[in-house]
Amino acid sequence: MPREHPIGRVEDFPESGHRVVRVANRELGVFNIRGSFHALPNLCPHQRGPLCEGDVSGTLDCGPHTDWKLAWIWEGEVVTCPWHALEFHVPTGRCVAFDHIRLRTYEVRVADGELRVVI
């Protein structure tokens, strides 16, 4: 049965910021993207690197949906693994380079100014 675990106050996670927290024997990266909170495992599936210690930015994309022109997408929503630069879209957990690779995402709730992650 999933439980809520307190991880800090809302003000501890400023907009466009992120940090790693320890919850129920797991390390999670908690991200504030334009006031919406998201959590991912701090573990890159490539070689088990500390994914959520990486930088957050956007990414380049190209395909029929961009008329085959390079386009900058997902500004402030992509975390890059500091070990080998594999990128993940934080809100969905989807690997940018390999669509079949997805990380588990964790729900983050706000109650009375406190953040709680559901595990």
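The model shown is predicted, which means the values in this text are computed figures rather than measured ones.

Draft legend 1. Representation of the sheet that holds strand β6 (residues 71-80) within the structure. Strand order in the open sheet formed by 4 strands is β5-β6-β7-β8, and the pairing between neighbours is antiparallel. Every other strand in the sheet has two partners, leaving β5 (56-61) and β8 (94-95) as the edge strands with one partner each. Sheet topology note: the β5/β6 ladder contains 5 bridges and is antiparallel. Bridging across to β6, Leu 60 finds its partner in Trp 72.

Draft legend 2. Empty space enclosed by the protein, seen in detail. Taken as a whole and assessed by the stated rule, the structure comprises 1 cavity of 30 Å³ or more. Looking at the largest cavity, its volume works out to about 30 Å³. Every residue along the wall of the largest cavity is listed here: Ser 16, Gly 17, His 18, Phe 31, Asn 32, Ile 33, Val 56 and Gly 76. The class makeup of the residues in the lining of the largest cavity is 3 nonpolar, 5 polar and no charged.

Draft legend 3. Representation of a nonpolar patch on the surface. On the surface, Leu 60, Leu 70 and Trp 72 cluster together into a nonpolar patch covering about 370 Å² of accessible area. Its place among the elements puts Leu 60 in strand β5.

Draft legend 4. View of the pairing of strand β4 (residues 36-41). By the criterion of burial, β4 is predominantly enclosed, with 5 of the 6 residues buried. In terms of strand pairing, strand β3 (residues 26-33) meets β4 through 6 bridges, oriented antiparallel. Looking at the pairing, Gly 29 lines up with Leu 40 of β4. Counted along the chain from β3 to the antiparallel partner β4, the turn is 2 residues long, and its residue Arg 34 has a positive phi close to 50°.

Reading guide: rules and limits
- Per chain, residue numbering runs from 1 following the sequence as it is written.
- In keeping with the model being predicted, local features are shown solely for residues with a pLDDT of at least 70 and side-chain atom pairs are shown and tallied solely at 80 or more, while totals for entire chains, interfaces and linings include all residues.
- Derived side-chain values reflect all non-hydrogen atoms in the structure, with water molecules and hydrogen atoms excluded from consideration.
- Only strands joined by at least two bridges in the DSSP assignment are considered to pair.
- Secondary structure follows DSSP: runs of H or I at least 4 residues long count as helices, runs of E at least 2 residues long count as strands, and numbering of each begins at the N terminus.
- Here a cavity denotes a set of grid points, spaced 1 Å apart and computed over the protein atoms alone, in which a 1.4 Å probe fits but from which it cannot get out, and a pocket denotes an open set meeting protein on both sides within 12 Å along at least five of seven lines; residues with an atom within 4 Å of a point are reported as lining.
- Grid points are joined across faces, edges and corners, and a volume is the space filled by probe spheres set on the points.
- For this scheme, ten residues count as nonpolar: Ala, Val, Leu, Ile, Met, Phe, Trp, Tyr, Cys and Pro. Four count as charged, namely Asp, Glu, Lys and Arg, and the remainder, Gly too, count as polar.
- Exposure above 30% relative accessible area and no salt bridge define the residues that can form patches, which grow by joining like charges within 9 Å and nonpolar side chains of Val, Leu, Ile, Met, Phe, Trp and Tyr within 5 Å.
- Note on areas: these come from Shrake-Rupley sampling with a 1.4 Å probe, and a residue is covered only by the protein chains present in the view.
- When a carboxyl oxygen of Asp or Glu lies within 4 Å of a side-chain nitrogen of Lys or Arg, that pair is called a salt bridge.
- Only protein chains enter the accessibility calculation, which uses a 1.4 Å probe; a residue is then buried when its area is under 20% of its type maximum, exposed when over 50%, and partly exposed in between.

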